[in-house]
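Take a look at the letters that make up each chain.
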Amino acid sequence: MRRALIPLCCLLACGGSVEDEGPEPGEELPGGATTVHDTTRNAFTLVARNLQGERRDAFFVGNSLFNRNWVTAPSSTEGLDGLGPTFNASSCAACHFKDGRGKPPTEPGEKSLSLLFRLSIPGQDAHGAPLEDPVYGGQLQPLAILGVPAEGSMALSYTSREGSYADGTPWSLEAPHYTLQNLAFGPPHPELMVSPRVAPVMIGLGLLEAIPEASLEALADPDDRNGDGISGRINHVWDVEHRQARVGRFGWKANQPSLKHQNAGAFRGDLGITSDLFPTNDCPPAQSACMKAPHGGEPELDARKLEQVTFYTRMLAVPARREADAPDVLRGRKLFRDVGCASCHVPRHETGTVDDAPELSGQVIYPYTDLLLHDMGPELADHRPDFEATGSEWRTPPLWGIGLVQTVNRHTRFLHDGRARSLEEAILWHGGEAEPSRERFRHLSTDERAALLRFLESL
């Protein structure tokens, strides 16, 4: 499928007719029949439009669990206790506010709530996963229940990176720097690797899960045999539930094979809630109080609740495009393809058949991602391998709904660590395989850049 993009891009670069064609049929409904029409602050919180009857009720049960604050065990709220002992937040919604996008702290004294830090040391476990730090585990957890020390915190600072467009217009980017502080258990491993990651938008995840693996395999070109400079790779990761390696498609490094796996991992890493998939807390031997702390059951999140939350995350709708047929949006769409963005941010997919989710089956969707890993260059590298992902590779994030982030979350912070303060800055940070596209964007005129950004804001 990627090979088919080359002649298309060449056609467009030679003056093709996409600008004149108008929107593709159905392009204004990026989530297919699940798409909702809402441009308010609740645009990311809505149930798939084609989910009906009792299945719609099940969505709201999962919604209540997603928004629920977990409490310390033991408590009177049996089945909803077991928070911690160490944790990042007390509910899923605390990081995914309104099912939207997190951000780094931007105000003095603001806590890093929706920006977490993965920790590992060189090497892999028997299944290829990163090795956790022997003192602080797999994720820095700045909060803890009473009687248990929190692990520490991360200080964030920025330095400026100056540059300019080909027409002389200057820009200034902010490069983040992280410093561990207030560490409760002494220094971490001397070769500790840290990966900052903000909470992503939750919409359309069930549709992404429904894209057949064969379709992703067809998009991959790990050896760049077609010579386009793009070598998208699949991250083969270990599926704890099915005890086998599978295609990773969720998470900033595509290190999660399914929504259920992703959700169970987040419950353990972010809230300190165990499940059948991850039955032990992130309490390294050095943290004795953490190991001895009371728990809320074995596991704390029973299988039914995990399924309910997973159903909720599958059925969050994608909002419809805005002004998809406006002339400047169509011009921006052509420029998006001309400069090469669509080589990785693949616009269109078709979902397969999902046995227990007919609402997600057979949908033509426009998520603008290939779910593959790409080398994004040294500026964005976290230098932390994750299964088959290298320290400079990141999964292409979906772009649907990106134009509503400011409305929903009151900010415009993008990329895996939220360093980009706008969509324009996000493009300028692209390096590695994306550097040629960034340079073509840098050589556009002011009007052309505005049109391309206008297109992104319509998604």
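See the structure above.
A brief report on the enclosed structure follows. (Residues numbered from 1 in each chain as written. Predicted model: local features only at pLDDT ≥ 70, side-chain atom pairs only at ≥ 80, totals over all residues. Heavy atoms only, no water.)

**Focus on the pairing of strand β5 (residues 153-164)**
What counts, and what does not: At least two DSSP bridges between two strands are required for those strands to pair. Per the convention used, a helix needs a DSSP run of H or I reaching at least four residues, while a strand needs a run of E reaching at least two, with both numbered from the N terminus.
With 12 bridges joining them, β5 and strand β6 (residues 170-181) adopt antiparallel strand pairing. When the sheet's bridge partners are listed, G163 is paired in β6 with W171. The turn linking β5 back onto β6 is made up of 5 residues, and G168 within it adopts a positive phi angle of 95 degrees.

**A short note on the state of the cysteines**
This is how it is decided: Put simply, a disulfide is two cysteine sulfurs that come within 2.5 Å. In this scheme, a residue with accessible area under 20% of its type's maximum is buried, one over 50% is exposed, and one in between is partly exposed, where area comes from a 1.4 Å probe on protein chains only.
Under the defined criterion, the tally for this structure stands at 1 disulfide. In this model, C283 is linked to C290 through a disulfide, with the two sulfur atoms separated by 1.9 Å. Where C283 bonds to C290 through sulfur, the torsion about that S-S bond is close to -55 degrees, and the disulfide is left-handed. C283 sits in the buried class, given a relative accessible area of 17%. Cysteine C95 remains unbridged, with the sulfur of C92 as its closest cysteine sulfur at 8.5 Å. Among the residues examined, C95 registers a relative accessible area of 11% and is labelled buried.

**Thoughts on the layout of surface pockets**
Inclusion rule: Cavity means a closed set of points on a 1 Å grid over the protein atoms alone, one where a 1.4 Å probe fits but cannot get out, pocket means an open set with protein on both sides within 12 Å along at least 5 of 7 lines, and lining means a residue has an atom within 4 Å of a point. Grid points are joined across faces, edges and corners, and a volume is the space filled by probe spheres set on the points. The classification used treats Ala, Val, Leu, Ile, Met, Phe, Trp, Tyr, Cys and Pro as nonpolar, Asp, Glu, Lys and Arg as charged, and all other residues, Gly among them, as polar.
Its volume calculated, the second largest pocket comes out at about 450 Å³. Lining the second largest pocket are 22 residues, and of these E110, K111, S112, S153 and M154 sit closest to its centre. Elements with a minimum of two residues in the lining of the second largest pocket: β2 (115-124) and β5. Counting residues per element, the lining of the second largest pocket draws most heavily on β5, which supplies 5 residues. Here the lining of the second largest pocket is composed, by residue class, of 12 nonpolar, 7 polar and 3 charged.

**Concerning helix α13 (residues 435-442)**
Just so we agree on the cut-off: Think of it as the arc spanned by the lines of direction from the helix axis to the C-beta atoms. Contacts were defined at the residue level, with two residues in contact if any of their heavy atoms lie within 4.5 Å.
Turning to α13, its buried residues number three or more, namely S437, R438, F441 and R442. Here the buried residues of α13 occupy an arc of 145 degrees about the axis, which is enough to place them on one side. Elements in contact with the buried residues of α13: β5, β6, α12 (423-428) and α14 (446-457).

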